[in-house]
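Architecture and fold: a report
What follows is each chain in one-letter form.
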Amino acid sequence: MKKDLYVFNSGFLRRKDNTIMFETDEGKKYFPVEEIESVFIFGEVDINKRFLEFMTEKNICVHFFNRYEYYVGTYYPREHYNSGIVILKQVEFYNDYNKRITIARSIVEGAVLNMLVVLRYYNSRGNMLKDEIETIERMLHNINSCDDVNTLMALEGNIREVYYKCFNKILDDENFTFIRRSKNPPLDKINALISFGNSLLYATTLGEIYQTQLDPRIGYLHSTNQRKFSLNLDISEIFKPIIVDRVIFSLVNKKVLGEKHFEKELNGIILNDQGKKLFVSEYNQKLYATITHPKLNTQVSYKRLIRMEAYKLQKLFLENIEYKPFVARW
């Protein structure tokens, strides 16, 4: 199975024969290119044209993040699977508002159902989340009455507000307290973890879409506008609770992350380099953890589930097969 390459140190990324070479002051490391699926760059790394040509040849996306945890962009090699008919169908479903809102509702429904999966699990472990679960269940019924995307996103935002407040009951550490969602910059440690994890998931999802015939620029919940990519944001909504949030709960409740793994920057709080490495390690373990797929009756990783979600949308566009989002079973 191919793995993602995460680069935290500063240095030079180069092509060396049929490998990726990373050179720092401490020496050189080599990574067989056939084992790499995507590259995530966090450090101050120099690359050259020959390296990017190599990534294009091998169909490898390169994702860039700045030192403040923000996703900067992706070197997205020329599409090798894109199909004209699929792109036309994507646009058709976007331009037909009834089709678009139906997809958008399904995405929000999948995200909310996975939030409930998480909350019910922790409620069963004595975290007293019954009231919040009932509130979200009531709000869930309003999804189908949303006739426009802005109203739908507002509802989803209100549901997430209730959901995020549950973090204080789930997290067994008084040093990690959630007050309200803040992004640019994150104002506390929990927001720093959420923002960093979501950025990782957006990039991971973009890499999985690249392996399909879909065009990531055409989203349905997140409007196709000036932003470069939208579809990865859509699909990521479904998987945030069961990947990113579970990683956060694990790292905090197991005392893997603490005060020493954060620093103040830009009037906010971010993970330091050691904290990022710990987060990425746990995140990667979650991505490659497997479950028994309810329909296929075979072991499937969470990362492959993301790609399968894209395939389900592709089947909707081409074969008009109803799209049903993935909902986890703990």
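As the structure is a prediction and not an experimental result, all values here were calculated from the model. (Residues numbered from 1 in each chain as written. Predicted model: local features only at pLDDT ≥ 70, side-chain atom pairs only at ≥ 80, totals over all residues. Heavy atoms only, no water.)

1. Focus: the pattern of salt bridges
Any two side chains of opposite charge can pair, given that their charged atoms come close. Rules: Salt bridge, as used here: a side-chain nitrogen of Lys or Arg that lies within 4 Å of a carboxyl oxygen of Asp or Glu. Segments assigned H or I by DSSP are reported as helices when at least four residues long, segments assigned E as strands when at least two residues long, and all are numbered from the N terminus.
Under the defined criterion, the tally for this structure stands at 22 salt bridges. We note a salt bridge from R307 to E37, for which the minimum N-O separation is 3.1 Å. Note that R307 is positioned in helix α10 (residues 302-319) and E37 in strand β5 (residues 36-41), a separation of 270 residues in sequence. The salt bridge partner of E134 is K130, with a shortest N-O separation of 2.7 Å. Of this pair, E134 and K130 both sit in helix α4 (residues 130-140), four residues apart, which is roughly one turn of the helix.

2. Describing the sheet that holds strand β1 (residues 3-7)
Paired through their backbone hydrogen bonds, the strands of a sheet run either parallel or antiparallel. Basically, it comes down to this: Strand pairing is assigned whenever DSSP detects at least two bridges linking the two strands. Lines fitted to the C-alpha atoms define the axes, with helices restricted to the stretch that makes contact. Angles between their N-to-C directions range from 0 to 180 degrees. The contact criterion used is simple: two residues touch if any of their non-hydrogen atoms lie within 4.5 Å.
Reading across the sheet, the four strands line up as β1-β5-β7-β8 and stay open at both edges, with mixed pairing between neighbours. Unpaired on one side and paired on the other, β1 and β8 (71-75) mark the two borders of the sheet. With direction set aside, neighbouring strand axes in the sheet form an average angle of 20°. Running over the sheet, helix α1 (residues 49-57) touches β5, β7 (61-65) and β8 and is turned about 70° from β8. Contacts between helix α9 (residues 273-288) and the sheet are confined to β1 and β5, with β1 contributing the most and set at about 170° to the helix.

3. Looking at the packing of aromatic side chains
This is how the line gets drawn: Aromatic pairing here means that ring centres of Phe, Tyr or Trp (its six-membered ring) are within 6.5 Å. Orientation follows from the plane angle: under 30 degrees is stacked, over 60 is edge-to-face, and everything else is tilted. Summary of the burial criterion: residues with accessible area below 20% of their type's maximum are buried, those above 50% are exposed, and those between are partly exposed, where the area comes from a 1.4 Å probe applied to protein chains only. In this scheme, Lys NZ or Arg CZ marks a charge over a ring once it lies within 6 Å of the ring centre and within 35 degrees of the ring normal.
Applying the stated criterion across every chain yields a total of 22 aromatic pairs. Centre to centre, the rings of F65 and Y71 are 5.7 Å apart; their planes meet at 65°, and the pair counts as edge-to-face. Their ring planes at 75° and their centres at 4.9 Å tell us that F167 and F249 sit as a pair that is edge-to-face. Within this pair, whereas F167 is found in helix α6 (residues 167-170), its partner F249 is found in helix α8 (residues 231-253), the two being separated by 82 residues in sequence. F249 shares its class with F167; the two are buried. Put simply, the rings of Y6, F8, F40, F42, F65, Y71, F196 and F279 touch in pairs and so form one group of aromatic residues. Here the guanidinium or amino end of K3 rests over the ring plane of Y288, the centre of that ring lying 3.9 Å away. Across the ring face of F93, the terminal group of K99 is positioned such that the distance to the ring centre comes to 4.6 Å.

4. A word on helix α3 (residues 97-124)
The cut-off we apply is this: For a helix, the expected span equals 1.5 Å multiplied by the number of residues minus one. A 3.5 Å cut-off defines polar contacts: any pair of N or O atoms within that distance qualifies, except that in protein one atom must be a possible hydrogen donor and the other a possible acceptor, and neighbouring residues in sequence count only when both atoms are side-chain atoms.
For α3, which comprises 28 residues, the first-to-last C-alpha distance of 40 Å matches the rise-based estimate of 40 Å (1.5 Å per residue) to within 8%. For α3, the N-terminal capping position is held by D96, with its side-chain oxygen 3.2 Å away from the main-chain nitrogen of N98. Where α3 terminates, the next one or two residues include G126, which has phi positive at roughly 90°.

5. Considerations on the domain arrangement of the chain
Heads up, the rule is: The source of the domain bounds is an automatic or database domain assignment. The quantity reported as buried area is the accessible area (1.4 Å probe) lost by two parts once they are put together, taken as the sum for both. Amino acids outside the nonpolar list (Ala, Val, Leu, Ile, Met, Phe, Trp, Tyr, Cys, Pro) and the charged list (Asp, Glu, Lys, Arg) are all regarded as polar, and Gly is one of them.
As assigned here, the chain comprises domain 1 (3-65) and domain 2 (84-319). One C-alpha centre belongs to domain 1, the other to domain 2, and the line joining them spans 27 Å. Counting from both sides, the interface comprises 13 residues of domain 1 and, opposite them, 19 residues of domain 2. Between domain 1 and domain 2, a total of about 1,300 Å² is buried, with carbon and sulfur atoms accounting for 63% of that surface. Looking at the side of domain 1 facing domain 2, the largest losses of area belong to Y6, F8 and E37, adding up to 38% of the total buried there. For the interface between domain 1 and domain 2, the tally reads three salt bridges. Contributing elements (two or more residues each) for the side of domain 1 that touches domain 2: β1, β5 and β7. When its residues are assigned to classes, the side of domain 1 that touches domain 2 shows six nonpolar, four polar and three charged.

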